[in-house]
Every structure is written in C-alpha cells, then in structure tokens.
Amino acid sequence: MSRVNMFDVNFDNYDFNDLLEFIDTSIENQRHSYILTCNVDHVIKLRKDDEFRKVYSDAGAVVADGMPIIWASKLLKKPLKQKVSGSDLFTRLGEAFEDRGYRLFFLGAADGIPEKAMLNLQESYPNMNVVGCYSPSYGFEKNEEENRYIIQLLQEARPDIVFVGVGAPKQEKWIYRYYETYRAPVSIGVGATFDFLSGNVKRAPELMQKTGFEWFWRLSQEPKRLWKRYLIEDSQFLVLLFKEMFKRKRMKGGQG
C-alpha cells in the first residue's frame, strides 16, 4: 500500500477495505499492532507532544479521519482514498467483524455506555462477538492498580480487536503503553464512538459528515467541552496547510 506524507505524518492510503485487510492479516498472524485515526486535532497535538509523536512513529497503520485531511491531500496533489474514521468502523465493517466471529472488547466512556453500545450493535449484527466491556475510572491512565485490572480483563477475554474510547491523545498513549502487555492483535482509539452507538450523544447528520461540518455539530452538542479544541486549537490547521503548500511549491521549484 502506498503512503502519503503530510504535516509530518505518514498516512496509509487506505479505504475501509484496505483497513479490513490490515486487520485480517494482523489477526491471522497474531501480530500485536495498533491503528491510529488521524484527524485535525491529532495533527495539531503532534506539533507539541513528543510522546504522541513516538506513538505515531510505531503505529501499524495511520488512516485519515476527517474531511479536512482528505481535502488537504487533494490540494497538495497527494489524494487519499477515503475518510476512515473510528466512528464509522462498525457501520462499514460490522458485517465483516460478525461474519469472521472476531472477538471485540470495548474500553471507555461512562458507566453503562459500552454495554448499551454493544446491545444496540447486536440489534443490527446479532452475532457480533463482544467479549467484554469496561468503563475505566476518571484518571485511570495514572492509576497503576486500575491499569493492572484492565490488563487482566483483556488477557482473560483474549479479544482480537480492542476499541478504546477515552479521547485523544489519552487513548492512543494508553494503547501504546500497554498493547504489548495485553497482546491483542489489533487496538484502535475510537473517541466518542461508544457514546454515538449507545445514543448517549447524537451524531451529526450524514450531510454534515460528508461536507466536513461534523465538527460544527459536535461543538453545538458539547460547547463547554469542545469550544477550545475546535475554535482555537484546530484553527491552526489552516496555517499548517499553507506551510505544506509552500513547502510543496518550493520542492517543485527546486526540481525544475
């Protein structure tokens, strides 16, 4: 598979079928790896977070999550195939997970939310094999006892895929620290996916998702929590895009 470098991130040029192939191969070979879904927020955070950059450098796959990343790739003449977001994984790959009988584990969100997400999923995919759900306590990533308990849960459940939904970059850093210990073939951070699947948070209408305005919907749903991320931090993305365009122009000029 080809890779596309933008914003100092090496994106795998995957669509959902390519991602499924990566997951299938990892599970078949019992490889221990993790998938990163890179959105604008990740790109901004990577500029000032050494640990997060290390997480990115060792990832099994990095996919583009969000229409701004896809548009940027086209502007930079490095077109990525498709937006591959964590929150779309089950609608796009749920049938494949069910058919293959993959063992899934849901880690994240508030008490009862992962279980509700599982029940809602099983209405659409009755044979979806969710082998465990757990809602970690606030600040769990710094609690050794809690982390030992979670690792034990995962080792006993033996999932093929671990979905971690505790927000970025916390979820990606947690996976990076422990994926070699709990040894599941595939781990992936999925943000607010359990909230969406459970009905706890309403997802943006499809038109807003396709036109890149999902961020605006999310902001209107949770303004207190998300205003800084979307209105201040993520606005830096335009500056980074102009820098990438300038860098590309300069490189083309140097080749001429």
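Everything below is about the structure printed above this text.
Residues numbered from 1 in each chain as written. Predicted model: local features only at pLDDT ≥ 70, side-chain atom pairs only at ≥ 80, totals over all residues. Heavy atoms only, no water.

Details of the nonpolar core
Looking at soluble globular proteins, one finds that nonpolar side chains tend to be buried together.
Point 1. Core analysis: the largest hydrophobic core is formed by 42 residues, its most contacted members being Phe11, Ile69, Trp174 and Tyr182.
Point 2. Sequence-distant contacts of Ile69, defined by excluding residues within four places in its chain, comprise Met6, Phe11, Cys38, Asn39, Val40, Val43, Ala64, Leu80 and Phe237. (Core = buried A, V, L, I, M, F, W, Y, C linked by side-chain atoms within 4.5 Å. Buried < 20%, exposed > 50% of the residue type's maximum accessible area, 1.4 Å probe, protein only. Contact = heavy atoms within 4.5 Å.)

Section: the sheet that holds strand E7 (residues 161–165)
Point 1. The parallel open sheet is built from six strands, whose spatial order is E4-E3-E8-E7-E5-E6. Among the strands making up the open sheet, the edge pair consists of strand E4 (61–64) and strand E6 (129–134). Going from strand to strand, the sheet's axes swing by 20 degrees on average, the running direction of each strand aside.
Point 2. Summarising the sheet, strand E5 (residues 103–108) and E7 pair through five bridges and their orientation is parallel. Along E7, the bridge assignment pairs Leu104 with Ile161. (Pairing = 2+ DSSP bridges. Helix = DSSP H or I, 4+ residues; strand = E, 2+ residues; numbered from the N terminus. Axes fitted to C-alpha atoms, helices over the stretch in contact; angles between N-to-C directions.)

Structural notes on the environment of Glu180
Point 1. Relative to the elements of secondary structure, Glu180 occurs in helix H8 (residues 170–182).
Point 2. Judged by relative accessible area, Glu180 falls into the partly exposed class, the value being 43%.

What about the packing of helix H1 (residues 16–28) against helix H5 (residues 89–100)?
Point 1. In contact at an axis separation of 11 Å, H1 and H5 are set at 40 degrees when each is read in the N-to-C sense. In terms of crossing hand, the pair formed by H1 and H5 is right-handed. Residues Phe16, Leu19, Leu20, Ile23 and Asp24 of H1 pack against Leu89, Arg92, Leu93, Ala96, Phe97 and Arg100 of H5.
Point 2. Here the contact of H1 with H5 is built from residues that sort into eight nonpolar, no polar and three charged. (Left-handed = near helix turned anticlockwise from the far one by under 90°. Nonpolar A, V, L, I, M, F, W, Y, C, P; charged D, E, K, R; others polar.)

Focus: a nonpolar patch on the surface
Point 1. Taken together, the side chains of Leu75, Leu238, Phe242 and Met245 make up a nonpolar region of the molecular surface, amounting to roughly 410 Å² of accessible area.
Point 2. Looking at the nonpolar patch element by element, the count peaks at three residues for helix H13 (residues 236–255).
Point 3. With respect to the helices, strands and loops of the structure, Leu75 is situated in helix H4 (residues 67–75). (Patch = residues over 30% accessible without salt bridge, like charges linked within 9 Å, V, L, I, M, F, W, Y side chains within 5 Å. Areas by Shrake-Rupley, 256 points an atom, 1.4 Å probe, with all protein chains shown as cover. Salt bridge = Lys/Arg side-chain N within 4 Å of Asp/Glu carboxyl O.)

Comments concerning the side chain of Lys45
Point 1. With respect to the helices, strands and loops of the structure, Lys45 is situated in helix H2 (residues 40–46).
Point 2. A relative accessible area of 18% places Lys45 in the buried class.
Point 3. Leaving out residues up to four positions away in the same chain, Lys45 has contacts with Phe52, Ala168, Pro169 and Glu233.

Remember, this is a structural readout, not a statement about activity or role.
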